[in-house]
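# Structural overview for review
Here's the letter readout for the chains.
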Amino acid sequence: ARKILARTGNAETAFSISRKSLLEIPGVGGLLADRILHPGIMEQAGKELEYIRNRNITCLFYGEVGYPENLLECSDAPLLLYVRGNVNLNEGRMISIVGTCRPGSYGLDMCRELVRDLAVLDRELVIVSGLAYGIDHCAHITALEEGLKTIAVLGHGLKYLYPALHRSVAKKITAQGALLTDFPSHQKPERNNFIRRNRIIAGLSDATI
């Protein structure tokens, strides 16, 4: 996508140039060119735009004001981020805390202790995790209890929430941080999505625990 933008100058031009011009761009093959030029793509984009406008979702485009500066250092940084919440992604030191979905009592105690100690050191700290069961959930909950901002990076679009059991936690996170994803709203939770989202959890942060 970034190669296409570099050649066309902006996103609008990318959807109006000829198929021949698209195929001249390194990495663009016939299948991708046909998908970009498919007439239904704008209809799909219109539906997405309507969805995010009606639900107070913020879109951050690669390189524009508000896009996380830490992510700009990543070679595979997403072109577009969808954000629901009220956190500045370029403010405060960010620490990611991730771990097993089935921690023992020692693991949970250690996670709580880490977040509480970090909160004492830096009240502006932002805790980043993935809203999964276990350590992720514990990190978010403890951050909320300590009054820290927290960001949950999701492996699906904002139309869904996985796991559904964490819906009440997610609501608190949007008030004291943000839900963030690079997946469009209609993208359902799938196994490979969660591997892909991990690059954002790490890329956002100054350190990962």
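Residues numbered from 1 in each chain as written. Predicted model: local features only at pLDDT ≥ 70, side-chain atom pairs only at ≥ 80, totals over all residues. Heavy atoms only, no water.

Our next topic: the overall build of the protein chain. Broken down by element type, the protein chain carries nine helices and seven strands. Over its C-alpha trace the protein chain gives a radius of gyration of 19 Å, about what one expects of a compact globule, namely 17 Å for 209 residues. Projecting the C-alpha coordinates of the protein chain onto the three principal axes gives extents of approximately 60 × 30 × 30 Å. Across the 209 residues in the protein chain, those meeting the buried criterion constitute 39%. (Helix = DSSP H or I, 4+ residues; strand = E, 2+ residues; numbered from the N terminus. Rg over C-alpha atoms; globule rule 2.2 N^0.38 Å. Buried < 20%, exposed > 50% of the residue type's maximum accessible area, 1.4 Å probe, protein only.)

With omega at -5°, the peptide bond leading from Y162 into P163 counts as cis. Tracing the sequence through the fold places P163 in the loop between β5 (149-153) and α8 (167-175). Not every positive phi belongs to a glycine, and L131 is a case in point at roughly 60°. As for its position among the elements, L131 is in the loop between β4 (126-129) and α7 (135-145). Relative accessible area serves as the criterion here: at 0%, L131 is assigned to the buried category.

Consecutive side chains along a regular strand alternate between the two faces of the sheet. With four of five residues buried, β5 lies mostly within the body of the structure. Sheet analysis places β4 next to β5, joined by four bridges and oriented parallel. Of the residues in β5, the one forming a bridge with I127 is T150. Handedness of the β-α-β unit built from β4, α7 and β5 comes out right-handed. With four bridges connecting them, β5 and strand β6 (residues 177-181) associate as parallel partners. Bridge pairing in β6 places T150 opposite G177. With respect to chirality, the unit in which β5 leads through α8 into the neighbouring parallel β6 is right-handed. (Pairing = 2+ DSSP bridges. Right-handed = clockwise from strand over helix to strand, strands pointing away.)

With respect to the helices, strands and loops of the structure, V120 is situated in helix α6 (residues 105-121). Residue classification places V120 among the exposed positions, given a relative accessible area of 69%. Residues V120 and L161, spaced 41 residues apart in sequence, show a C-alpha to C-alpha distance of 31 Å.

Where nonpolar side chains cluster on the molecular surface, the patch consists of Y133, Y162 and L165 and spans about 340 Å² of accessible area. With respect to the element layout, Y133 can be found in the loop between β4 and α7. Note on Y133: relative accessible area 36%, which makes it partly exposed. (Patch = residues over 30% accessible without salt bridge, like charges linked within 9 Å, V, L, I, M, F, W, Y side chains within 5 Å. Areas by Shrake-Rupley, 256 points an atom, 1.4 Å probe, with all protein chains shown as cover. Salt bridge = Lys/Arg side-chain N within 4 Å of Asp/Glu carboxyl O.)

So, on to the sheet that holds β5. Ordered by their spatial adjacency, seven strands build an open sheet running β1-β2-β6-β5-β4-β3-β7, and the pairing between neighbours is mixed. Of all strands in the sheet, those bounded by a partner on one side alone are β1 (58-61) and β7 (207-208). Against the sheet, α7 contacts β4 and β5, and its axis sits at roughly 155° relative to β5. (Contact = heavy atoms within 4.5 Å. Axes fitted to C-alpha atoms, helices over the stretch in contact; angles between N-to-C directions.)

Counting residues in each nonpolar core, the largest one holds 18 residues, and the members touching the most others are L89, I151, V153, L180 and L204. Taken together, the elements giving at least two residues each to this core come down to β2 (80-85), β4, β5, β6 and α9 (191-204). Among the elements that make up this core, the one with the highest residue count is α9 (three residues). The residues touching L180, leaving out its near neighbours within four places in the chain, are L81, Y82, V83, L89, I151, A152, V153, L154, I200 and L204. (Core = buried A, V, L, I, M, F, W, Y, C linked by side-chain atoms within 4.5 Å.)

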